[in-house]
Amino acid sequence: MSATTRLPYLATAAVSGLLFGAGLYVSQMVDPLKVLRFLDFGAIPRGGWDPSLALVIVAAIGVMFVAVRIGRTRQAPAFDTAFNEPEFKRIDAPLVLGAVLFGVGWGMSGICPGPAISLVAFWPPNLLIYLLALFAGSYAGALVIPSGRERRLAVAR
Amino acid sequence: MDSFSPIPALAGGVLIGLASALLWLGNGRIAGISGIFGQLLPPARTVVWRFVFLAALVLGTLAAAWVVPGLGVGGPAGKPAELVSAPAAWGIPTPLWLAIAGLLTGFGTKIGNGCTSGHGVCGIARLSLRSFVAVGIFFSVAIITVAVTGIVA
């Protein structure tokens, strides 16, 4: 039995998911319009701009920053043999192009992948179409770029 | 600034940070939602914990909506959740608009290895240069997209 199917590992994933979902609701980032009101910088001079998203992400980064420092003092996480830290470091074309395309999709909808899953709780009209497209896009992306750590690292050298 | 909600924003951000911290220190995994669901697809590895995490994310949203009702959308006292439509003058049906947005987001986060959570929260906290670049680009492009579509008005 691999580490990732043992009970403490799965329980950690479950509690993390619960906290993440609660955070998306409490911060109201589950509401696409709330997200778009942050991205609407035209409203800064006009009035009505909503900076909430910036506070959400800064607070989350602050907590995670401490966790990363704590992690650096340890050999391994509590329930697996190693931290899965990305080893691919290069700024390459897929990173840049991917961020551009994601930025367009996010700006069109006010939805990024976390809230997309979170919204399943409230199941608004057309969510299914969005989710199917999200999975199809992700699958297409996996066919286009070299997937797997070893292959990407080999390309990087 | 009528919709600015600093206290729920900070509280929700701390919850998201704690979720990410727990998954990192417990399982050594980055709480990047695009990566977690993207690898449910073939060639899939370690599907079980990913499914557990995503199901719990939905349940956590529902539970919070019952415990703290009336914060924005969803739950017993909230407005119904609603997705946005294309700008009226563009004449694009809503399902098509959302399908294009979903395809771009799925494809972009896959080839760019992350979204708002993986790059935005975890990557910045790890001081990853790739994440700083990705976050700078996708925030800028999203802000430009909203300006071009005028979708908020």
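Here is what the cut-offs are and how they apply
Residues numbered from 1 in each chain as written. Chains lettered and ligands numbered in written order. Predicted model: local features only at pLDDT ≥ 70, side-chain atom pairs only at ≥ 80, totals over all residues. Helix = DSSP H or I, 4+ residues; strand = E, 2+ residues; numbered from the N terminus. Buried ≥ 20, exposed ≤ 12 C-beta atoms within 10 Å, placed from the backbone. Contact = placed C-beta atoms within 7 Å. Nonpolar A, V, L, I, M, F, W, Y, C, P; charged D, E, K, R; others polar. Core = buried A, V, L, I, M, F, W, Y, C linked by C-beta atoms within 7 Å. Axes fitted to C-alpha atoms, helices over the stretch in contact; angles between N-to-C directions. Parallel < 35°, antiparallel > 145°, perpendicular 65-115°, else oblique. Expected span 1.5 Å × (residues − 1). Domains from an automatic or database assignment.

Let us now look at the overall build of chain B. Scanning chain B from N- to C-terminus turns up six helices and zero strands. Going residue by residue from the N terminus, the α and β elements of chain B occur as α-α-α-α-α-α. The principal-axis extents of the C-alpha atoms in chain B amount to approximately 50 × 35 × 30 Å. Here chain B, with 153 residues, has 56% of them falling under the buried criterion. The long-range share in chain B, meaning contacts at least 24 apart out of those at least 6 apart in sequence, stands at 34%.

For the rest of this paragraph, the subject is the interface of chain B and chain A. In this complex, chain B contributes 105 residues to the contact, which on the side of chain A involves 108 residues. Counting residues per element, the side of chain B that touches chain A draws most heavily on helix α1 (residues 6-27) of chain B, which supplies 21 residues. Class assignment for the residues of the side of chain B that touches chain A results in 69 nonpolar, 30 polar and six charged.

If you look at the biggest cluster of nonpolar residues, it comprises 93 residues, and the most contacted ones within it are A:Val56, A:Met64, A:Tyr130, B:Ala19, B:Val121 and B:Phe138. Of the residues forming this core, the biggest block, 10 residues, is contributed by helix α4 (residues 52-72) of chain A. Ignoring anything within four residues of it in the chain, the contact list for A:Val56 reads A:Ser27, A:Met29, B:Ala9, B:Gly12, B:Gly13 and B:Ile16.

Residues and elements named next belong to chain A. Here helix α2 (residues 32-39) crosses α4 at 100 degrees, and the two axes come no closer than 8 Å. Taken together, α2 and α4 sit at an angle that is classed as roughly perpendicular. Along the contact surface, α2 presents Lys34, Val35 and Phe38, while α4 presents Ser52, Leu53 and Ala54. Within the contact of α2 with α4, the residues separate by chemical class into four nonpolar, one polar and one charged.

Now for α4(A). In this model α4(A) runs 31 Å from its N-terminal to its C-terminal C-alpha over 21 residues, within 8% of the 30 Å that 1.5 Å per residue would give. Of the positions making up α4(A), those classed as buried are A:Ser52, A:Leu53, A:Leu55, A:Val56, A:Ile57, A:Ala59, A:Ala60, A:Ile61, A:Met64, A:Ala67 and A:Val68. Looking at the buried residues of α4(A), the elements they touch are α2 of chain A together with α1 and α5 (116-125) of chain B.

Residues and elements named next belong to chain B. Annotation of chain B at the domain level lists domain 1 (1-82) and domain 2 (83-153). Taking the mean C-alpha position of each, domain 1 and domain 2 sit 18 Å from one another. Contact residues are listed per partner, giving 11 residues for domain 1 and nine residues for domain 2. Where the side of domain 1 that touches domain 2 is concerned, the elements lending two or more residues are α1 and α2 (33-38). Considering every element that reaches the side of domain 1 that touches domain 2, the biggest residue donor is α2, with four residues. For the side of domain 1 that touches domain 2, the residue count by class is four nonpolar, six polar and one charged.

Turning our attention to unusual backbone geometry. Residues and elements named next belong to chain A. Phi is positive for glutamine 28, which is not a glycine, with a value near 65 degrees. Relative to the assigned elements, glutamine 28 resides in the loop between α1 (7-26) and α2. Residue classification places glutamine 28 among the buried positions, given that 25 C-beta atoms sit within 10 Å.

This brings us to the environment of A:Ala54. Take A:Ala54: it is sitting in helix α4. Spatially, the C-alpha atom of A:Ala54 lies 8.0 Å from that of A:Phe38, the residues being 16 residues apart in sequence.

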